[in-house]
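Read off the chains here:
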Amino acid sequence: MGREKMRRWLYILLVIVPCLVGSAWIVLWQDEQQQQQLVEETRLFANIHKNDLDRFLSETTARLETLALIISKHMAMLKEEEIHDILHDMQKQDVRFERISFFSESTTAAMQLAKTTKRTVIDSHHTTTIVTPIIYEKTNETAGFLVAKLRTNYIQNRMKIIHPDASFRLYDENGAILMSTNPLRPSKQTVTVHLNNAPWMIEANVPSVSIKQKMKTALPYILSLIVFIHIIWLFIQYWLLKRQTMIERMETEAQKLELVGTLAASTAHEIRNPLAGIKGFIQLLSEKHKDNESQLYFSVIQNEITRINDIVNEFLILGKPTAQKLETCDLNSIVQSIHPMIESQAHLHNVVYTFHRADVPLPIRCSKDHLKQVILNLAKNAIEAMSRGGQLTISLTKQNDWAVLHVADTGCGMPKHVKDKLFQPFVTSKQTGTGLGLVICKRIIDMHKGTIDIHSIEEKGTTITVRLPLQ
Ligand code: ADP
Ligand code: MG
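Residues numbered from 1 in each chain as written. Chains lettered and ligands numbered in written order. Predicted model: local features only at pLDDT ≥ 70, side-chain atom pairs only at ≥ 80, totals over all residues. Heavy atoms only, no water.

Enquirer: Run through the environment of Pro274, naming residues and quoting values.
Expert: Inspection of the secondary structure puts Pro274 in helix H5 (residues 211-288). Look at Pro274 and you get partly exposed, because its relative accessible area is 46%. Spatially, the C-alpha atom of Pro274 lies 144 Å from that of Leu69, the residues being 205 residues apart in sequence. (Helix = DSSP H or I, 4+ residues; strand = E, 2+ residues; numbered from the N terminus. Buried < 20%, exposed > 50% of the residue type's maximum accessible area, 1.4 Å probe, protein only.)

Spelled out as structure tokens, the structure:
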């Protein structure tokens, strides 16, 4: 899959999908919140109306009962017309009554009920009326009834004034609608409250939230979510880019090393043959010219040829590790065998050299000569880092399944720019350095499935740790 295509898929997966899912969730959440708020609001208004109605009913009942009591006390003195007059006056004073009438006989079921219970009855049958019986105190008999017809539209108007848009309905005990404000609107939810002073119930529709309103409240949240997810996306992209560059850099390094290795190895191979020829002929010549001066020159030439041969051998290792002979050796004895070489070098540079063997054998499967090369390279670097003398310590230990070699010096340490580029070919801080020593070391250690770690502090010294798997 192309990188661009993968990026597009990642964008869809990490940005578009979370944005869509998040937005849908926000809309639903906001909808629920608003709906809840509207339910609370509607319940509040329904309760206001309920209290209003309860108060209205209790007030009117109290008035009628007081009146019934007064009339019952003066029944003997009052004519029926006089009672009608009183009632008429009262009705004019109170807007809540549409009509108040006096009946001497019971004509409706409500009156019959009032008669038997001797209590005020609220009758919601045809029109909303309150029936209060007039009872003689002495005989406890019903002398008549006060029947007040209520002005329901007055209550209805009050409801409308308080909450003009709401849709309320008042039901009686039989479920018949006594009054309603605004026609029924489609609604998911309704709220009901029961009156205290009558077996009635108020039902209110909870208005539903409009899409526009929903979007308006959800939009700021959705925008914040989009911005937030995009910021995260930017971070992810930055991280991906960094990772990509790192991989590319490593690939180029590996390619470079590969190329250099093959080139060096093939060139070295080609140089070795003519070099052997030259060496042979110099040998012949040296046997021919035995005078001192010539012998001096020949020995210089032979030394130089040996040096070239060493370099060429180093180059050969850089190439593909082909014919390497693996054998099981004790790392202690490998280091021990090059002990004199290191010691003489150290002595030359005024460096005190110490070697600590491991107290157990360290058998490893290795190419002996290659490992010697590693130790020599590391020791050479260490000695070169201590131009004013110092202390070189090589120690061997066993750690679990590993043979561990420490090469520690008290030299100049590595500057950061060198540390960052260690193990890259031709990185050197020395005038005559090749910058190949550590590269070769790493290659040989990799060949042996080991690791190499460098710990270096400037002006303090460097410790190089090599770990090799034990047999
Ligand atoms: P060269 O020795 O030819 O420069 P190397 O690969 O052996 O190449 O080392 C690379 C660089 O690493 C050196 O030039 C030096 O700057 C640094 N270096 C290696 N070993 C040490 C050490 N023990 N102390 C300080 N610097 C070191
Ligand atoms: Mg070196």
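That covers the picture; the talk isn't over yet.
Enquirer: Now, about unusual backbone geometry: what can you tell me, with residues and values included?
Expert: Non-glycine residue Asn350 carries a positive phi angle of around 65°. Looking at where Asn350 falls in the secondary structure, it is placed in the loop between helix H7 (331-348) and strand S10 (351-356). Judged by relative accessible area, Asn350 falls into the exposed class, the value being 60%. Its identity as a non-glycine residue notwithstanding, Glu459 has a phi of 65°, on the positive side.

Enquirer: Talk me through the site of ligand 1; I want residue IDs and the actual numbers.
Expert: Taken together, 19 residues form the shell around ligand 1, and within it Asn381, Thr428, Ser429, Lys430 and Leu438 come nearest. In the model, an oxygen atom of ligand 1 is placed 2.8 Å from a nitrogen or oxygen of the Lys430 side chain. Considered on its own, ligand 1 offers 530 Å² of accessible surface; in the complex 94% of this is hidden by protein. Contributions of two or more residues to the shell around ligand 1 are made by helix H8 (368-385) and helix H10 (437-447). Per-element accounting of the shell around ligand 1 gives the leading share, three residues, to H8. Classifying every residue of the shell around ligand 1 gives eight nonpolar, nine polar and two charged. (Near = heavy atom within 4 Å. Polar contact = N/O pair within 3.5 Å; in protein donor to acceptor, adjacent residues only side chain to side chain. Areas by Shrake-Rupley, 256 points an atom, 1.4 Å probe, with all protein chains shown as cover. Nonpolar A, V, L, I, M, F, W, Y, C, P; charged D, E, K, R; others polar.)

Enquirer: I'd like to hear about H10, residue by residue, with values.
Expert: In terms of residue burial, H10 counts as a mostly covered element, since nine of its 11 residues are buried. Turning to H10, its buried residues number three or more, namely Gly437, Leu438, Val439, Ile440, Cys441, Arg443, Ile444, Ile445 and Met447.

Enquirer: Any details on the UniProt feature "transmembrane region" (unreviewed entry) in the protein chain? Residues and values, ideally.
Expert: UniProt marks residues 9-29 and 218-241 with the feature "transmembrane region" (unreviewed entry), using the numbering shown here. The annotated region residues 218-241 carries 100% helix and 0% strand content, and the separation between its end C-alpha atoms amounts to 34 Å. (UniProt positions renumbered as here; feature names shortened; annotations may be inferred.)

Enquirer: Tell me what's going on with empty space enclosed by the protein, and back it up with residues and numbers.
Expert: Considering all chains together, one arrives at one cavity of 30 Å³ or more under this definition. If you add up the space inside the largest cavity, you get close to 30 Å³. Leu331, Leu371, Val374, Ile375, Leu405, Val466 and Leu468 together form the lining of the largest cavity. Of all the secondary structure elements, the ones that give two or more residues to the lining of the largest cavity are H8 and strand S15 (461-469). Its residues assigned to classes, the lining of the largest cavity comprises seven nonpolar, no polar and no charged. (1 Å grid on protein atoms, 1.4 Å probe; cavity = no way out; pocket = protein on both sides within 12 Å on 5 of 7 lines; lining within 4 Å. Points joined across faces, edges and corners; volume = space filled by probe spheres on them.)

Enquirer: Can you break down the side chain of Ser395 residue by residue, with the values?
Expert: Locating Ser395 in the fold gives a position in strand S12 (residues 390-399). Residues within four places of Ser395 in sequence aside, it is in contact with His356, Val404, Leu405 and His406. (Contact = heavy atoms within 4.5 Å.)

Enquirer: Can you lay out the pairing of strand S14 (residues 451-457) for me, pointing to particular residues and giving the numbers?
Expert: One face of the sheet, then the other: side chains in a regular strand alternate in exactly this way. Of the strand pairs in this sheet, S14 and S15 are connected by seven bridges, and their pairing is antiparallel. Bridge pairing in S15 places His455 opposite Thr463. From the end of S14 to the start of S15, which pair antiparallel, there are three residues, and Glu459 there has a positive phi angle of about 65°. (Pairing = 2+ DSSP bridges.)

Enquirer: Which residues make up the side chain of His448, and what values do they have?
Expert: Mapped onto the elements, His448 comes out in the loop between H10 and S14. Beyond its immediate sequence surroundings of up to four residues, His448 is in contact with Leu326, Arg365, Cys366, Ser367, His370, Leu371, Leu468 and Pro469.

Enquirer: Tell me about the packing of H7 against H8, and name the residues and values.
Expert: Interaxial distance between H7 and H8 falls to 10 Å at its minimum, and their mutual angle equals 35°. Crossing angle aside, the handedness with which H7 passes H8 is right-handed. Of the residues in H8, those touching H7 at Leu331, Ile334, Val335, Ser337, Ile338, Met341, Ile342, Gln345 and Ala346 are Lys368, Leu371, Lys372, Ile375, Leu376, Ala379 and Ile383. (Axes fitted to C-alpha atoms, helices over the stretch in contact; angles between N-to-C directions. Left-handed = near helix turned anticlockwise from the far one by under 90°.)

Enquirer: Describe helix H4 (residues 152-162), listing the residues and the values that go with them.
Expert: Along H4, the positions that sit buried rather than exposed are Ile155, Gln156 and Met159. Buried residues of H4 fall within an arc of 100° about the axis and therefore sit on the same side. In this fold, the buried residues of H4 make contact with helix H1 (3-73), strand S5 (168-171), strand S6 (177-181) and strand S8 (201-206). (Arc of directions from axis to C-beta.)

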